[in-house]
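# Structural overview
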Amino acid sequence: MKIAVVGTGYVGLVTGTCFAEVGIDVTCIDIDQKKIDNLKQGILPIYEPGLEEMVSRNVEKGRLHFSTSLAESIHDADVAFIAVGTPPAKMALLT
Ligand SMILES: NC(=O)c1ccc[n+]([C@@H]2O[C@H](COP(=O)([O-])OP(=O)(O)OC[C@H]3O[C@@H](n4cnc5c(N)ncnc54)[C@H](O)[C@@H]3O)[C@@H](O)[C@H]2O)c1
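My aim in this report is to walk through the structure given alongside it, one point at a time. All values derive from a computational prediction rather than experimental measurement.

## Examining the site of the ligand
Surrounding the ligand, one finds 13 residues, the nearest of these being Val11, Asp30, Lys35, Val84 and Thr86. In the environment of the ligand, an oxygen atom lies 3.1 Å from a nitrogen or oxygen atom belonging to the backbone of Tyr10. For the ligand, whose free accessible area comes to 830 Å², the fraction covered by protein is 53%. Of the residues in the shell around the ligand, the class split is 6 nonpolar, 5 polar and 2 charged.

## Quick notes on the side chain of Thr17
Inspection of the secondary structure puts Thr17 in helix α1 (residues 10-21). Setting aside residues up to four positions removed in sequence, Thr17 forms contacts with Leu51, Met54, Val55, Asn58 and Leu64.

## Quick word on helix α2 (residues 33-40)
Taken residue by residue, α2 has Ile36, Asn38 and Leu39 as its buried positions. One face of α2 carries all of its buried residues, which in axial projection span an arc of 160°. Facing away from the buried surface of α2 by more than 90 degrees, the exposed residues are Lys34 and Lys40. The backbone nitrogen of Lys34 lies 3.1 Å from a side-chain oxygen of the residue at the head of α2, namely Asp32. Of the residues trailing α2, Gly42 is marked for its positive phi of about 85°.

## Concerning the environment of Ile82
Position of Ile82 relative to the elements: it lies in strand β4 (residues 79-82). Classification of Ile82 by relative accessible area gives exposed; the value is 70%. When the C-alpha positions of Ile82 and Phe66 are compared, they lie 15 Å apart, and in sequence the two are 16 residues distant.

## Things to note about the sheet that holds strand β1 (residues 2-6)
Within a sheet, adjacent strands bond to each other through the backbone by hydrogen bonds, running parallel or antiparallel. Within the open sheet, the 4 strands sit side by side as β3-β2-β1-β4. Their pairing is parallel. Both edges of this open sheet fall to β3 (64-67) and β4, since each of them pairs with a single strand only. In this sheet, neighbouring strand axes are inclined to one another by 20° on average, regardless of whether the strands run parallel or antiparallel. Relative to strand β2 (residues 25-29), β1 runs parallel, the two sharing 5 bridges. Along β2, the bridge assignment pairs Lys2 with Asp25. Across the face of the sheet, α2 comes into contact with β2 and β3 while running at roughly 150° to β3.

Reading guide: rules and limits
Residues numbered from 1 in each chain as written. Predicted model: local features only at pLDDT ≥ 70, side-chain atom pairs only at ≥ 80, totals over all residues. Heavy atoms only, no water. Near = heavy atom within 4 Å. Polar contact = N/O pair within 3.5 Å; in protein donor to acceptor, adjacent residues only side chain to side chain. Areas by Shrake-Rupley, 256 points an atom, 1.4 Å probe, with all protein chains shown as cover. Nonpolar A, V, L, I, M, F, W, Y, C, P; charged D, E, K, R; others polar. Helix = DSSP H or I, 4+ residues; strand = E, 2+ residues; numbered from the N terminus. Contact = heavy atoms within 4.5 Å. Buried < 20%, exposed > 50% of the residue type's maximum accessible area, 1.4 Å probe, protein only. Arc of directions from axis to C-beta. Pairing = 2+ DSSP bridges. Axes fitted to C-alpha atoms, helices over the stretch in contact; angles between N-to-C directions.

What follows is the structure, given as structure tokens:
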């Protein structure tokens, strides 16, 4: 089972890391290159108790990956979760 999580913020990083913790192969994707570079070095953009240790443990076990490439990361995923930000304005379809 492979999961792709698109958007590596509060929701995406915690969700993806928890799936990796239970043994699933996860790639967390984000458009923010700096955020992905930092995560690859073990530097997290948010604080949640125990999350840093959980991220590093799963990266070491080869179950948690970080990428800026949606195309490369999603093609062999069985499931993709979208966890990008919600637009603050009304959607065009609703107006
Ligand atoms: N944080 C919460 O407690 C919470 C609760 C309920 C619902 N939500 C919803 O969950 C979603 C994510 O919330 P969050 O708090 O994690 O937001 P966040 O801002 O922390 O993270 C969103 C991430 O998505 C990335 N992103 C934006 N566009 C992208 C794209 N096209 N491709 C890849 N990455 C992209 C951003 O760079 C950012 O890192 C939102 O829709 C929010 O409304 C959040």
